[in-house]
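Close look at the chain arrangement
Each chain is listed here by its residues.
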Amino acid sequence: VQLQACGGGLVQAGGSLRLSCTKSERTGSGYTVGWFRQAPGKEREFVAGLFRGANTAYSDSVKGRFTISRDNAKNTVYLQMNSLKPEDTAVYYCAGSNTIIWSNTRNPKGYNYWGQGTQVTVSS
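No experiment lies behind these values; they were computed from the predicted model shown. (Residues numbered from 1 in each chain as written. Predicted model: local features only at pLDDT ≥ 70, side-chain atom pairs only at ≥ 80, totals over all residues. Heavy atoms only, no water.)

**A word on the pairing of strand 6 (residues 55-58)**
Note the cut-off: By the convention used here, strands pair only if DSSP detects at least 2 bridges between them. A run of H or I in DSSP counts as a helix once it spans at least four residues, and a run of E counts as a strand once it spans at least two, with each numbered from the N terminus.
Two elements, strand 5 (residues 45-51) and strand 6, share 4 bridges in a ladder whose sense is antiparallel. Counterpart to Ala48 in the pairing with strand 6 is Tyr58.

**What about the sheet that holds strand 3 (residues 17-23)?**
As a reminder of what qualifies: Axis definition: a line fitted to C-alpha atoms, over the contacting stretch in the case of helices. Angles run 0 to 180 degrees between N-to-C directions.
One open sheet accounts for 4 strands, arranged 1-3-8-7; its pairing is antiparallel. The sheet terminates laterally at strand 1 (3-6) and strand 7 (66-71), the two strands that pair on one side only. Each neighbouring strand pair of the sheet contributes to a mean axis angle of 15°, computed without reference to strand direction. Where strand 7 lies against strand 8 (residues 76-81), 6 bridges are found, and the strand directions are antiparallel. Within strand 8, the residue paired with Phe66 across the bridge is Met81.

**Notes on the nonpolar core**
To be explicit about the condition: What makes a nonpolar core is a set of buried Ala, Val, Leu, Ile, Met, Phe, Trp, Tyr and Cys residues whose side-chain atoms join them at distances within 4.5 Å. Throughout, exposure labels follow a simple rule: accessible area from a 1.4 Å probe, protein chains only, divided by the maximum for the residue type, with under 20% read as buried, over 50% as exposed, and the rest as partly exposed. In what follows, a contact means two residues having at least one pair of non-hydrogen atoms within 4.5 Å.
Core analysis: the biggest nonpolar cluster contains 26 residues, and Trp35, Val47, Phe66, Ile68, Leu79, Met81 and Tyr92 have the highest contact counts within it. Contributing elements (two or more residues each) for this core: strand 1, strand 3, strand 4 (32-38), strand 5, strand 7, strand 8, strand 9 (90-97) and strand 11 (118-123). In this view, Val47 contacts Trp35, Phe36, Arg37, Ala57, Tyr58, Ser59, Val62, Phe66, Leu79 and Tyr92; residues no more than four positions away in its chain are not counted. Membership of the second largest hydrophobic core comes to 7 residues, among which are Phe36, Ala57, Ala95 and Tyr111.

**A closer look at the pattern of salt bridges**
In plain terms, the rule: Salt bridges, as used here, are contacts in which a Lys or Arg side-chain nitrogen is within 4 Å of a carboxyl oxygen on Asp or Glu.
Inspection of every chain in the model, using the stated rule, returns 4 salt bridges. The partner of Glu45 in a salt bridge is Arg37, with the nearest N and O atoms 2.6 Å apart. Residue Arg37 is classed as buried on the basis of its relative accessible area, which comes to 6%. Put simply, Arg37, Glu45, Arg65 and Asp88 are held in one network by salt bridges that share partners.

Shown next, in the form of structure tokens:
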């Protein structure tokens, strides 16, 4: 399964962006998609996850501002990002797995498919 992430851009603080992660083929209900981000000089960190198309998880830093969702008809998972802050600036990646367990949802090592990154820049 190939993943393609898009939707990044430059936005002012307080603004919104919606990232998309489109899968190259339909996956079963057991497929998990996670969003991660990596800022310059920092490690890749978990942002949000949609576990087996049902349960969601968010990092504390984005909870209440970001929402992960899916559109099965479009084979796409979205990350709606509201109230953006300069510290949200990073390259955002989507990742997928059909074998990950819930306790590993926040661990990038649990994912075996990765899309290319999309840059999100939030100006102050």
